[in-house]
Amino acid sequence: MNRRKYLQFIGVGSISTAAFWQSCSPDVQEETVEEGFEVIEAGREPFEIERDRELLAETFFDEHEMATIAILADIIIPADETSGSATDAGVPAFIEFIVKDMEGHQTPMRGGLRWLDVQCMKRFEKPFKDCSPAQRIEMVEDIAYPSPEDIKPGMEPGVAFFNRIRNLTATGFFTSEMGVKDLGYIGNQPNKWNGVPKDILEKHGFKDS
Amino acid sequence: MGNFQIKKSPTVYDAVVVGSGAGGGMAGYVLANAGLKVLMLEAGPYWDPKTHSHQLRWPWESPRRGAGSTRPFGEFDAAYGGWDIEGQPYTHEGDTEFDWFRSQMLGGRTNHWGRISLRFGPRDFKGKSYDGIGEDWPISYEDVAPYYDKVDRLLGIYGSKEGWENEPDGIFLPPPKMRLHEHYIKKAAAKVKVPVFPGRGAVLTEKLPGNDDRQACFNCNQCARGCRVYGDFSSSSCLVIPAKKYNENFELICNAMVREVLTDSEGLATGVSYINKEDMQEYQVKAKVVVLAASACSTARIMLNSRSAQHENGIGNGSGLVGKYLHDSTGASLGGYLPELMDRKRFNEDGVGSVHIYSPWWIDNKKEGLDFPRGYHIEYWGGMQMPSYGFGFGIANINGPVPDGSGNTKAAGGYGPSLKNDYRRFFGSFLGMAGRGTGIARESNFCEIDPNVVDKFGIPVLRFNYKWSDHEILQAKHMQETFQEIMHQMGAEITWGIHDETTNWGLETPGRIIHEVGTTRMGDDPKKSVLNKWCQSHEVQNLFVADGGPIVQQGDKNCTWTILALAMRTAEYIVEKKKLFEI
């Protein structure tokens, strides 16, 4: 598990904006709970703060499930020349939190993981996480393509599960500091909007207006 | 409850203003600046964008990455509350639908609104005279225009002068330039004869002359989170906080949930009673004038709950029309992606947090023989926006048919390096549009008191009864057709929002556009209206309404700028007539 690494990452990420917050909001109090995650207090209702503390203190997935999620997340978003992998960006910890936050994810995720293990037990006599890398990919190939013509009979529950974990992995990765940098989103900072840069405008066939 | 008592303040205020949103904020600001002793009561907590906004937070600063688990518009959105507030229910008549967005906090819903600021035009005030539907206002555009002008100058608005009669120009700061997707939209819209104007929004694209409390917008696109430099209009930052800062005669009490308007033996208002949410004690305050600005429906609720021997059906409700003529804007939307915007070069195009462009209603319904009255305007969105929870969802629905650099397509969905690259390729290619149109005010659409249900404060709650008619449904159909035409002209792929008659063409549930107005409408005839043309009760001369309630009939325009103009007009009337109220 990369939970600790993820939390360290969050802490580092917060420093970049700390100066701004301190200069603008003398009454902001941010309390550190549970391994360093900041629960934002300013501008939030008491029930929201309380709810975050409760969710952060709870555990939903067990170790086996978290290990499986980490392997799947890195199959979905592996490291490449631009950025690290899903686990490098803390995606498993995000998934653990979001299923506590949005209960609608809980049964599909838990049941989907179990479905996957049962499939692998049938095929390889091992749960997914203990399969070889080649066996895991063989399994994933059967659930990663959701177009009706691509789905083998009986694989539908796996396809639905993989759609969900693909979505959560992508959201977790591209909303992390690593993922935002990878995407090249360069806003969220004071600047002056003067229109589309001239060369880009011309490339798309428009004139300045 | 052993020590239950009502605490009565000995102070008699010149005016008590209930609510701190657009209408209450403006009324309180004008009355306080005129020297009146003003008490403002706000049902929610104190909230100042300078210290409470989530502006410039990154998604990774939150464990839920901005998801809307406790706030419908995402966790960094400024609005407390939402469609449901714990302990404060509302009910519905039969199978009718109405979704009610409440935000109990200083500044109310102006903290998170879209800042789109369109004046109602001459025809919006006199629609019945044109097509026979609904009701004309007792006042015309010319009556309100001077107040629109003053609101423009006081609060700041960007836009461009276009010279369209029913889309009146204001006193504008420069509008923001178009982003790349907006260039594509404008070009495609022109081909299907839909005009596109520069946006009109309550954002300071330049510093507001004469105002050193507010700074110019620095283009982070996050107005909805509240602006720490007050670069946009919120009632909290621009009206209530300055009213308090510059006037010793202005007092603000937060967490004060008003129960009812108090009256004397002659039926005149003497003040209000409220429960303080912090100590849960009951309070009464006295005032010579009562201004209700709790929001159209909350004001109706207070009036209907203010029953006495003189006002058996609720204060100022001799007409029986308090709560009637409730109407929200129509809304439908649709979106997709534009292949020309895939694999785009990155740059910062955040811009302002209101619209950079919009389309005003462009058709003469009679000349074109349309099968519905009135119209809608179109708002557009898109571009390289900051990722948050939901980013990348549904990629399997779109990444199959899109060819890669070598012209090859692959099975939709997938995993691994090529999927990872797809998210990058699609970033900034999504765009969409939403119609916001005129819903007709009808007596049969209303809110009333549910006699069987109270909230946790013991206050009887509202029951809604609302149904769209063919007027609104056919308008949504027209939106669908127009949006699809624009998308097709652009060469965009539509990925969501296509509807047919089985879903009313995507027409949103009443209330969803959060433009609900009309519950205390003004008029010359006391039998057919609640207020006179000064937003003053026909029956209780020291009772006024300063929110969206007095609006007789919406145009296809967002209502905030009109609420502000009417509230300013009403407050100036109170000041002018203050001797009448022994102020």
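Note: the structure precedes this text.
Positions within a chain are numbered from 1, following the residues in the order the chain's sequence is written. Starting at A for chains and at 1 for ligands, labels are handed out in the order in which the entities are written. The predicted origin of the model limits local features to residues at a pLDDT of at least 70 and limits the giving and counting of side-chain atom pairs to 80 or more, whereas totals for whole chains, interfaces and linings rest on all residues.

Participant: Is there a simple way to think about the overall build of chain A in this case?
Facilitator: Where helices and strands are cited, they refer to DSSP runs of H or I of at least four residues and of E of at least two residues respectively, numbered from the N terminus. For chain A, the count of helices and strands is nine helices and two strands. Written out in order from the N terminus, the α and β elements of chain A read α-β-β-α-α-α-α-α-α-α-α. Neighbour density around each residue's C-beta defines its exposure: 20 or more other C-beta atoms within 10 Å make it buried, 12 or fewer make it exposed, and counts between make it partly exposed, where C-beta atoms are placed from the backbone. Among the 209 residues that make up chain A, the fraction classed as buried is 35%. Taking as baseline every contact in chain A between residues at least 6 positions apart, the subset at least 24 positions apart corresponds to 52%. Placing a C-beta atom from the backbone of each residue, one calls two residues in contact when those atoms lie within 7 Å.

Participant: Would you mind showing me how to read the overall build of chain B here?
Facilitator: Counting secondary structure elements, chain B contains 12 helices and 16 strands. Dimensions of chain B along its principal axes, counting C-alpha atoms only, are 85 × 55 × 50 Å. Counting every position in chain B, which comprises 583 residues, the buried fraction comes to 59%. The long-range share in chain B, meaning contacts at least 24 apart out of those at least 6 apart in sequence, stands at 73%.

Participant: Mind showing me how you'd approach the sheet that holds strand β9 (residues 330-337) of chain B here?
Facilitator: Strand pairing in a sheet takes place through backbone hydrogen bonds and is either antiparallel or parallel in direction. Residues and elements named next belong to chain B. Paired strands, in this sense, are two strands between which DSSP finds at least two bridges. If you walk across this open sheet you meet the six strands as β4-β10-β11-β12-β9-β15, and the pairing is antiparallel. In this open sheet, the two strands that pair with only one neighbour each are β4 (197-198) and β15 (493-496). Axis definition: a line fit to C-alpha positions, over the contact stretch in the case of helices; interaxial angles, taken between N-to-C directions, run 0 to 180 degrees. Packed onto the sheet, helix α6 (residues 180-191) meets β10 (357-359), β11 (376-382) and β12 (430-437) and runs at close to 20° relative to β10.

Participant: Can you walk me through the packing of α6 of chain B against helix α11 (residues 470-490) of chain B in this structure?
Facilitator: Helices that pack against each other are described as a pair by the angle of their axes relative to one another and the distance between those axes. Residues and elements named next belong to chain B. Remark: α6 packs on α11, axes separated minimally by 8 Å, with the N-to-C direction vectors making an angle of 115°. One element, α6, and the other, α11, form an angle in the roughly perpendicular class. When you trace α6 past α11, the crossing you get is right-handed. Every residue of α11 that contacts α6 at Tyr184, Ile185, Ala188, Ala189 and Lys191 is listed here: Ile486, Gln489 and Met490. Amino acids are sorted into nonpolar (Ala, Val, Leu, Ile, Met, Phe, Trp, Tyr, Cys and Pro), charged (Asp, Glu, Lys and Arg) and polar (every other residue, Gly among them). Taken together, the residues of the contact of α6 with α11 sort by class into six nonpolar, one polar and one charged. When describing relative orientation, an angle under 35 degrees is termed roughly parallel and one over 145 degrees roughly antiparallel, while 65 to 115 degrees is termed roughly perpendicular and anything else oblique. Left-handed is the label given to a crossing in which the near helix is rotated counterclockwise from the far helix by less than a right angle, and right-handed is the label when the rotation is clockwise.

Participant: Sorry if this is basic, but what is going on with the sheet that holds strand β3 (residues 91-92) of chain B here?
Facilitator: Residues and elements named next belong to chain B. Ordered by their spatial adjacency, three strands build an open sheet running β3-β14-β13, and the pairing between neighbours is mixed. The outermost strands of the open sheet, each flanked by one partner alone, are β3 and β13 (446-454). Alignment of β13 against strand β14 (residues 460-465), held across five bridges, turns out to be antiparallel. If you follow Phe446 over to β14, its bridge partner there is Asn465. Packed onto the sheet, helix α8 (residues 296-305) meets β13 and β14 and runs at close to 60° relative to β13.

Participant: Would you take a moment to explain the packing of helix α3 (residues 63-76) of chain A against helix α4 (residues 91-101) of chain A for this structure?
Facilitator: Residues and elements named next belong to chain A. Relative to each other, α3 and α4 sit at 125°, their axes nearing to 9 Å. Considered as vectors, α3 and α4 are oriented oblique to each other. Crossing of α3 against α4: the hand is right-handed. Contacts from Met66, Ile69, Ala70 and Ala73 of α3 reach α4 at Val91, Pro92, Ile95 and Glu96. Along the lines of polarity and charge, the residues of the contact of α3 with α4 split into seven nonpolar, no polar and one charged.

Participant: Quick question: what am I supposed to make of the interface of chain B and chain A here?
Facilitator: When the parts come together, some accessible area is lost, and that loss is often what is quoted as the size of the interface. Taken together, the contact between chain B and chain A spans 60 residues of the former and 60 residues of the latter. Taken together, the elements giving at least two residues each to the side of chain B that touches chain A come down to α2 (49-52), α6 and α10 (417-426) of chain B. Among the elements that line the side of chain B that touches chain A, the one with the most residues is α10 of chain B, at five residues. For the side of chain B that touches chain A, a count of residues per class yields 28 nonpolar, 19 polar and 13 charged.

Participant: Where do I start with the nonpolar core in this structure?
Facilitator: Across soluble globular proteins, nonpolar side chains show a tendency to be buried alongside one another. In this structure, Ala15, Val16, Val18 and Val291 of chain B are the most contacted members of the largest nonpolar core, which totals 119 residues. Look past the residues within four positions of Val291 of chain B in its chain and what remains in contact with it is Ala15, Val17, Val18, Ala27, Phe544 and Ala546 of chain B. Met178 of chain A together with Ile185, Met433 and Ala492 of chain B belong to the second-largest nonpolar core, a separate cluster that totals 87 residues. We define the nonpolar core as any set of buried residues of the types Ala, Val, Leu, Ile, Met, Phe, Trp, Tyr and Cys, connected via C-beta atoms lying within 7 Å of each other.

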